[in-house]
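Here is how the chains run, residue by residue.
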Amino acid sequence: MSKIIVVGGSLGGLLVANLLRSKGHEVDILEKVSGSLDGRGAGIVPHPVLIRALELCGIKIDDNVGVPVARRVTLDQKGQRITELDLPQIFTSWGRLYHMLKENFPDKHYHSGKNVISFGENSQEVMVHCEDGSSYQGELLIASDGLRSVIRNIVAPEIKPEYTGYVAWRGVSEEAALSQYMRNTLFDHFGFGLPEGEQMLGYPVAGFENNLNPGHRRYNFVWYRQAPEDTLLKDLLTDADGVFHPHGISPIQVNWKHITQVREAARKNLAPQFAEVLEKTGMVFFQPIYDVFSKRIAFNRVALMGDASFVARPHVGMGVSKAAEDALSILHHIDQLGATPEALEAYQQERLIPCQRVVARAQYLGKFMTAQGQEELKNNHIGIANRVMKETAIDISDIIMSDELIPENL
Ligand SMILES: Cc1cc2nc3c(=O)[nH]c(=O)nc-3n(C[C@H](O)[C@H](O)[C@H](O)COP(=O)(O)OP(=O)(O)OC[C@H]3O[C@@H](n4cnc5c(N)ncnc54)[C@H](O)[C@@H]3O)c2cc1C
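Described in the following lines is the structure provided in the data block.

Below, the discussion takes up the overall build of the protein. Per the secondary structure count, the protein includes 11 helices and 17 strands. Its C-alpha atoms give the protein a radius of gyration of 21 Å, near enough to 22 Å, the size a compact globule of 410 residues would have. Sorting the 410 residues of the protein into buried and exposed places 55% on the buried side. At a minimum sequence separation of 6, the contacts of the protein that also span at least 24 residues come to 71%.

Structure follows, in structure tokens:
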């Protein structure tokens, strides 16, 4: 059995590390952050491939995994339902997946507070170096260190995250804090709102300590809003003390004046149900949305996976499922070819084109959203809503290589 180093201990890193351990490999995870990563993410749509990967890790999946939702609805600005679509899905939470994977992995091989800064390799092994002076050796290095991957920056410095021109405002509010009107008309559904050039969506997720009981759940929202890079984005990334955070601002640092403005915009542009969710959310924050598009993901004894290799805009709801597909592919090729450069090359052969197509699909959905001006919405609100509900956050694994993936050039 082989010794493998995984850089990044979030969902992607934990998935591949657990899968490799299930086959008897010795795996060490190096994670920059000290302590738990809890509280990072909100809702996740788990596609079947993610469930399969969790089961292969030895994690038992039961009805407790998330909140089942049967229907999608689109609300107009007045809060009236303009159209709906039956599409059963389960919504789990980032924290739930993180805990299941973390608890399944031995603590002594999960090294927190290890900021990887470089690596060296010879014909047999890779040596990974951390900022604190420690080093770890393995036959392979799997980099799952996210959007701003340090390892990608070393092996493929030409690949940079590209800002899409919009951000996602996010947050969760307690079900118990919401009005009966909101709970009766929206809470149980995957809800959409379509202001000009923007998109609001929301769905129920588990509450505190994974409580799935009615009255104890939460409503998760994601509101995509345009923010030009040199003006509004710069302003948004500047905290209330005037400090600019070019690589992302943490939820607690978001300027309270920007939160006030986004709540005001919600009252003006969204259905009252969504506006209420924003008012009742304690921590409203945002994330700039980026594309990452790679031309190579295997570099001898080093491979990129998860957000380190490709980032597709969240409209496809594929981030964690894509990381699971990457992890399953790495596992399969190491099974076949051992912990060798050939296995990583075979992983690249398998994953490069499907991942490039997922990114392209997500770009198409994003461009469709930003292109919808007032006139289009006025003339064809129901048609646009039906299309958005039909195409957002669905399992596209069976159409990934077909021409249906990107229906029109935009
Ligand atoms: C608004 C929004 C909504 C989303 N909704 C969904 C959804 O519904 N469904 C879905 O599947 N996905 C969704 N995603 C995407 C999903 O969150 C990511 O694709 C997924 O979490 C990728 O995980 P990862 O492990 O590759 O990267 P990350 O979660 O970014 O983890 C990278 C890890 O590497 C660590 N790290 C970084 N640098 C170093 C270093 N130098 N040394 C050591 N460690 C390091 C970081 O601390 C971090 O823990 C959404 C994303 C956004 C922005």
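Continuing now.
What follows deals with the site of the ligand. The environment of the ligand is made up of 33 residues, and the closest members are Ser10, Gly12, Glu31, Asp307 and Val320. Valine 116 places a polar main-chain atom, nitrogen or oxygen, 3.0 Å from a nitrogen atom of the ligand. At 2.7 Å from an oxygen atom of the ligand is found a main-chain nitrogen or oxygen belonging to valine 320. Elements with a contribution of two residues or more to the shell around the ligand: α1 (11-22), β2 (26-31), β3 (43-44), β11 (162-174) and α9 (319-337). Broken down by element, the residue count for the shell around the ligand peaks at 3 residues, all from α9. A per-class count over the shell around the ligand returns 14 nonpolar, 12 polar and 7 charged. When residues are assigned to domains, the shell around the ligand turns out to be shared by domain 1 (3-60 + 96-160 + 291-369 + 397-405) and domain 2 (68-90 + 164-290), each giving three or more.

Once that is clear, we can look at the pairing of β11. As paired elements, β11 and strand β15 (residues 285-291) share 6 bridges and run antiparallel to each other. Each bridged residue has a counterpart across the sheet, and for valine 167 the counterpart in β15 is proline 288.

The rules we used
Residues numbered from 1 in each chain as written. Predicted model: local features only at pLDDT ≥ 70, side-chain atom pairs only at ≥ 80, totals over all residues. Heavy atoms only, no water. Helix = DSSP H or I, 4+ residues; strand = E, 2+ residues; numbered from the N terminus. Rg over C-alpha atoms; globule rule 2.2 N^0.38 Å. Buried < 20%, exposed > 50% of the residue type's maximum accessible area, 1.4 Å probe, protein only. Contact = heavy atoms within 4.5 Å. Near = heavy atom within 4 Å. Polar contact = N/O pair within 3.5 Å; in protein donor to acceptor, adjacent residues only side chain to side chain. Nonpolar A, V, L, I, M, F, W, Y, C, P; charged D, E, K, R; others polar. Domains from an automatic or database assignment. Pairing = 2+ DSSP bridges.

By themselves, these observations are geometric and do not establish any function.
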